[in-house]
Amino acid sequence: SASGSAGTASNSITVEGRATQGCSASEPQRTASTLNDLVEQHRKDSGHQAQATREKFEHHVKVAARCLDFDRDVASFRLADMRQLKSRLSEGRKPSTVNDIIWKGLGPLFNFAIEDELITKSPLENLKRARKGEPERNQPTWEQAESIEVEVGRFARETAVIVGLIRNFGVGQAEIHYLLGE
């Protein structure tokens, strides 16, 4: 089979070609730590799947790699990263397509990471599926929220404390909308 690479410069991922199939008792334990490593592991373990299923997985991973750094340590992904990904993928796509990319493309990768004890919980676990007419809520990453808190603190210390509570206790945009400032 042909082999090649595709993706952006910062998101290198092999999207064609398959690892050889087979099962051997002497295969080493998985030591994957990036999404790219997990993609390769999935390719090795998916030989039993139909060709169309493997091709669909490859497509989902290729699309996700345009929006997500597959060279990043799998343990560093958080729910906020997945919300941001869902938001980016939602631009110009049907909700069912977004859900397929996330849960059929990334879901198996995070499941491998759990099985291999690289993570204890999937960042997809509390991510809600995209729905038609869903309002877009861009949630900052943990690091972005931290920098917002610092910046607010430069001008209004008390407000920075409130922003810190919101960040640490997971109050979202929907909840903030109903808060009354008095």
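This text goes with the structure placed above it.
Residues numbered from 1 in each chain as written. Predicted model: local features only at pLDDT ≥ 70, side-chain atom pairs only at ≥ 80, totals over all residues. Heavy atoms only, no water.

**What to know about the environment of Glu 117**
- Secondary-structure assignment places Glu 117 in the loop between helix H4 (95-115) and helix H5 (142-155).
- Take Glu 117: its relative accessible area is 71%, and that puts it in the exposed class. (Helix = DSSP H or I, 4+ residues; strand = E, 2+ residues; numbered from the N terminus. Buried < 20%, exposed > 50% of the residue type's maximum accessible area, 1.4 Å probe, protein only.)

**Some remarks on the pattern of salt bridges**
- A complete count under the given rule lists 5 salt bridges for this structure.
- Between Arg 43 and Glu 58 there is a salt bridge whose closest N-O contact spans 2.7 Å. Remark: Glu 58 occurs in helix H2 (residues 51-65) and Arg 43 occurs in helix H1 (residues 35-45); sequence separation between them is 15 residues. The pair Arg 43 / Glu 58 is uniform in exposure class, with both members buried.
- Of the charged contacts in the structure, one is a salt bridge between Asp 81 and Arg 72, with a shortest N-O distance of 2.8 Å.
- The class of Asp 81 is buried, set by a relative accessible area of 8%.
- Where salt bridges share partners, they join Glu 40, Arg 43 and Glu 58 into one cluster. (Salt bridge = Lys/Arg side-chain N within 4 Å of Asp/Glu carboxyl O.)

**Considering helix H6 (residues 157-169)**
- Its 13 residues give H6 an end-to-end C-alpha distance of 18 Å, which sits within 8% of 18 Å, the value for a rise of 1.5 Å per residue.
- Against the buried residues of H6 lie H5. (Expected span 1.5 Å × (residues − 1). Contact = heavy atoms within 4.5 Å.)

**Overview of the packing of aromatic side chains**
- Within this structure, the stated rule accounts for 1 aromatic pair.
- Ring plane angle 75° and centroid distance 6.0 Å describe the contact between Phe 77 and Phe 110, whose orientation is recorded as edge-to-face. Here the residue Phe 77 occupies a position in the loop between H2 and helix H3 (79-90), and Phe 110 occupies one in helix H4, the gap between them amounting to 33 residues.
- The class of Phe 77 is buried, set by a relative accessible area of 4%.
- The exposure class assigned to Phe 110 is buried, which follows from its relative accessible area of 0%.
- When the ring centre of Phe 77 is taken as origin, the NZ or CZ atom of Arg 72, which lies over that ring, is 4.2 Å away.
- Here the guanidinium or amino end of Arg 129 rests over the ring plane of Trp 103, the centre of that ring lying 4.2 Å away. (Phe/Tyr/Trp six-rings, centres within 6.5 Å; stacked < 30°, edge-to-face > 60°. Lys NZ or Arg CZ within 6 Å of the ring centre and 35° of its normal.)

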